[in-house]
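# Results of the structural survey
Chain by chain, the residues:
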2 protein chains.
Amino acid sequence: MAPKRSTIKDVAKRAGVSTATVSNVFSGSKPVNAELRERVEGAARALSYHVDRAASQLRSGQTKVVGVLVPDLDDVFFTSLVSRLEVRAQEDGYDVIVASSRDNPELERSRLRALLGWRPSGLIAVPNNDEIPQILADEAHRLPIVLADRVAGISTFADAVTIDNHEAGAMAASHLVALGHRDVVIAASHLSFAPIRERVRGADSVLFGEFGEGARVVELGSNSDRGADIFADWLDRNARPTAILALTNVTTLAVLSALAARRIDLPEQISLIGFDDYAWMSARKTALTAVRQPVDAMAGMLWDRLKARIGGDDSPPRRIELNTSLQVRDSVRDLSMTANARPVLPRKHAPVPGE
Amino acid sequence: MAPKRSTIKDVAKRAGVSTATVSNVFSGSKPVNAELRERVEGAARALSYHVDRAASQLRSGQTKVVGVLVPDLDDVFFTSLVSRLEVRAQEDGYDVIVASSRDNPELERSRLRALLGWRPSGLIAVPNNDEIPQILADEAHRLPIVLADRVAGISTFADAVTIDNHEAGAMAASHLVALGHRDVVIAASHLSFAPIRERVRGADSVLFGEFGEGARVVELGSNSDRGADIFADWLDRNARPTAILALTNVTTLAVLSALAARRIDLPEQISLIGFDDYAWMSARKTALTAVRQPVDAMAGMLWDRLKARIGGDDSPPRRIELNTSLQVRDSVRDLSMTANARPVLPRKHAPVPGE
DNA sequence: GATTAACAGTTAAACGATTAACAGCGGCTG
DNA sequence: CAGCCGCTGTTAATCGTTTAACTGTTAATC
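The residue numbering used here restarts from 1 in each chain and proceeds along that chain's sequence as written. Just so you know, chain letters begin at A and ligand numbers begin at 1, following the order they were written in. The predicted nature of this model means local features are confined to residues of pLDDT at least 70 and side-chain atom pairs, given and counted, to a pLDDT of 80 or more, with totals for whole chains, interfaces and linings taken over all residues. Each side-chain value is derived from all of the structure's non-hydrogen atoms; neither hydrogens nor water enter the calculation.

### Some words on the nonpolar core
Membership of the largest hydrophobic core comes to 156 residues, with the highest contact counts inside it found for F231(A), I244(A), L245(A), F231(B), I244(B) and L245(B). Each nonpolar core is a collection of buried residues, namely Ala, Val, Leu, Ile, Met, Phe, Trp, Tyr and Cys, held together in the definition by side-chain atoms within 4.5 Å. Think of it in three bands: with a 1.4 Å probe and only protein chains considered, a residue is buried below 20% of the maximum accessible area for its type, exposed above 50%, and partly exposed in between. Counting 38 residues, the second largest nonpolar core, distinct from the first, contains V65(A), I135(A), L147(B) and A160(B).

### So, helix α13 (residues 295-310) of chain A
Residues and elements named next belong to chain A. The end-to-end C-alpha distance of α13, which contains 16 residues, comes to 22 Å, matching closely the 22 Å that a straight helix rising 1.5 Å per residue would cover. Of the positions making up α13, those classed as buried are V295, M298, A299, G300, L302, W303, R305, L306 and R309. Tucked inside the fold, the buried residues of α13 contact β1 (65-70), α5 (76-91), β3 (122-125), β4 (145-148), β5 (159-163) and β11 (319-322). Secondary structure elements are taken from DSSP: a helix is a run of H or I of four residues or more, a strand is a run of E of two residues or more, and numbering for both begins at the N terminus. Multiplying 1.5 Å by the residue count of a helix minus one yields the expected span of that helix. Two residues form a contact once any of their heavy atoms are found within 4.5 Å.

### A word on the protein's contact with DNA strand C
We define proximity as follows: a residue is near a molecule or strand when any one of its heavy atoms falls within 4 Å of that partner. Around DNA strand C, the surrounding shell holds 24 residues, and the nearest of these are I8(A), S23(A), R59(A), T21(B) and K30(B). Counting of polar contacts relies on pairs of N or O atoms within 3.5 Å, with two restrictions inside protein: one atom must be capable of donating a hydrogen and the other of accepting it, and residues adjacent in sequence are counted only when both atoms are side-chain atoms. The separation between a phosphate oxygen of DNA strand C and a polar main-chain atom of N33(B) is 3.0 Å. Those elements that place two or more of their residues in the surface near DNA strand C are α2 (19-27) and α4 (53-60) of chain A together with α2 (19-27) and α4 (53-60) of chain B. Here the surface near DNA strand C gets 5 residues from one element, more than from any other, and that element is α4(A). Any residue that is not Ala, Val, Leu, Ile, Met, Phe, Trp, Tyr, Cys, Pro, Asp, Glu, Lys or Arg is counted as polar, Gly included; the first ten are nonpolar and the last four charged. Each residue belonging to the surface near DNA strand C can be placed in one class, and the counts come to 11 nonpolar, 8 polar and 5 charged.

### A short note on the relation of the copies chain A and chain B
Residues reaching a pLDDT of at least 70 in both copies supply the C-alpha atoms on which the copies are superposed by least squares. Each copy of the sequence occupies a distinct position, and chain A is placed on chain B by a rotation of 180° and an axial shift of 0.1 Å, giving an RMSD of 0.1 Å. What we have between these two chains is a two-fold relation. Take the interface residues of chain A: 98% of them recur as interface residues in chain B, which is what a same-surface contact looks like.

### Structural notes on the protein's contact with DNA strand D
By nearness alone, 24 residues border DNA strand D, and T21(A), K30(A), I8(B), S23(B) and R59(B) come closest of all. The protein-proximal atoms of DNA strand D, defined as those within 4 Å of the protein, are 58% sugar or phosphate. Note that a phosphate oxygen of DNA strand D is positioned 2.6 Å from one of the side-chain N or O atoms of S23(B). Within the side chain of S56(B), an N or O atom sits 3.4 Å from a phosphate oxygen of DNA strand D. Elements with a minimum of two residues in the surface near DNA strand D: α2 and α4 of chain A together with α2 and α4 of chain B. At 4 residues, the largest contribution of residues to the surface near DNA strand D is made by α4(B).

### A short note on the sheet that holds strand β6 (residues 184-188) of chain A
All names here are of chain A. Whether two strands pair comes down to DSSP finding at least two bridges between them. In spatial order, the strands read β7-β6-β8-β9-β10-β12; together these 6 strands make up an open sheet with mixed pairing. Every other strand in the sheet has two partners, leaving β7 (216-219) and β12 (325-327) as the edge strands with one partner each. When the angles between neighbouring strand axes are averaged without regard to direction, this sheet yields 20°. Bridge count between strand β9 (residues 271-275) and strand β10 (residues 289-292): 3 bridges; the pairing is parallel. When the bridges of β10 are listed, F275 appears paired with V291. Between N-to-C directions, angles cover 0 to 180 degrees, with each direction set by a line fitted to C-alpha atoms, over the stretch in contact for helices. Sheet strands in contact with helix α9 (residues 194-211) are β6, β7, β8 (243-246) and β9, and its direction is about 170° off that of β6. Here helix α11 (residues 249-261) sits on the sheet and contacts β6, β8 and β9; the angle it forms with β9, its principal contact strand, is near 150°.

This is the structure in structure tokens:
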């Protein structure tokens, strides 16, 4: 690891110009004569010089980094968000530092602190839960911040981009109702997450309106393996519903695993609406009907808002709700024909013994 | 966005100490009296002070950042790698900057350049293809670099962590052969990727040894939707094999989609071995038999090597090959019983018209 | 009790870039 | 032709830390 890295001075000396000129060549903040520019670029190449971001940043205060904090880098929803944000950031010359809080409030704080140390131009954060960490709130008035996904109500201090969770739940429930389903169980991740609660409420609003009662809810957590166990167990102990509504892609997976383990056929024996829309959901014999979150639009919105804020927009915080859409495929059985003949599957039911 | 951020000087003044002491409190490079430390921490909290990484880095030369470059942040294999690396990095106090080269050599160069601008402590890179970019090679002797996955042969300038691709292919093929399969088609992503070629070779080595001929190979690319179209089309135009061996998780998905689109049943009508082992592969009625890459071990190895290099280890570059394992589940049909009665499905065959 | 050693804190010089202020040099204009 | 402008380039101050060198104090050693 020998040859010391070259600095702007080395380049300047080699090209026979001042360091200021070299800086201008690279930052483009002042025009530089073509011939000189050539010389500088040649010298830089020969020395394999790269501008040192730390020094550049320190002096200019211009960071060109954004921090992205998500609760879980193993959840495809978040990674697809990160992926799209990275693209947008790169297009605008920003680098992104990712951090995962792994659903741990303490880690969230410490990752946030680490991110702030970069003095980033902005921050895009998916909070762990409703309680926005104090550090974020403190920073909000001096640092552009945009929140996503897990945001409750109207955030008072930063823009927030979410989907219309209530509508998403309602839309799914309506679809189930329209196809003759009445006994629905909701596979939620955690009811402590605001968007999950909203989705439940949305579904219940429809079910209540229709039948005077809501859905049963099971919490499966954020890990699909554990969720599968929990749900399989739940299936063993409870009367079987005609349909399941999963509220995240992880719970969708958990439900699917549990159904496979218990050899319950989709959609013959039970119907399912999944959440999110990833390739594996349709790469199956009975493709999943699912609520599709507009991840692209979401990332786009997040980036646009952040750029606006970085650009000095100081209008009051906005909450932007994107609409989901229902991808109707084959995992919901149409019960509306048989519904009159045999109203609903009997509510009381011997537990199905484990396989 | 008003109140200026506080600096080490502000904290020093408020706590009535020198800036050096404040620095010592935060970096821990020199012991500081408990009472003073308290005062400093209190002052820092009151001013919501964070050490400025740019300044810190500039002065100390210590970066505590690693760059991670992958070809595609929408591929779960890479994101699961990133996720695990982020965990390890965080544990050791490093931050990670992610960059995706999106399978584009030019972008790869520019992302690499951006990453190098950080003067990172190290770099973990999954190259786009066999040709390691010149920038990387140039940097290799002054910057710890560890390569992963898409690395051909013995890399002469940096450590490389891969799986034993030949063995992986051979293992999968052996399994197929053992269950009476002879007519195998390999769903590859791109034959221009070294590991893919190796996997094909591994599979062929077994098939040749057994039958004197290898497998047919289809290239499906790195996008599952397009891959699904290509494969569905291929199925329409070619004699149907008894088994498919997919060589990446994306091609596994593509194959599954195509089979679903053509209503071909797994494993009754065709058998499949997938690659990688993600939850969605087993969350189905016929769970997929698949080659499992040890992503955890891989990330662990990558990090360990990088740490060693950062720590000054300058032994010659090593290539580390991890072993895969075959997760036997239900997607490969046992043909060995029927094999004698009806040797193999006829090779020549009218194309199956599209559904 | 003199000499060192160990400790805890301070001072001030870097680190490598950016950029305000300035300088030199035609070319225009009145 | 004086004065000014616009253009390109340079000089030098500066960003917020870290850290080598230093100072002063206390404890340990002979």
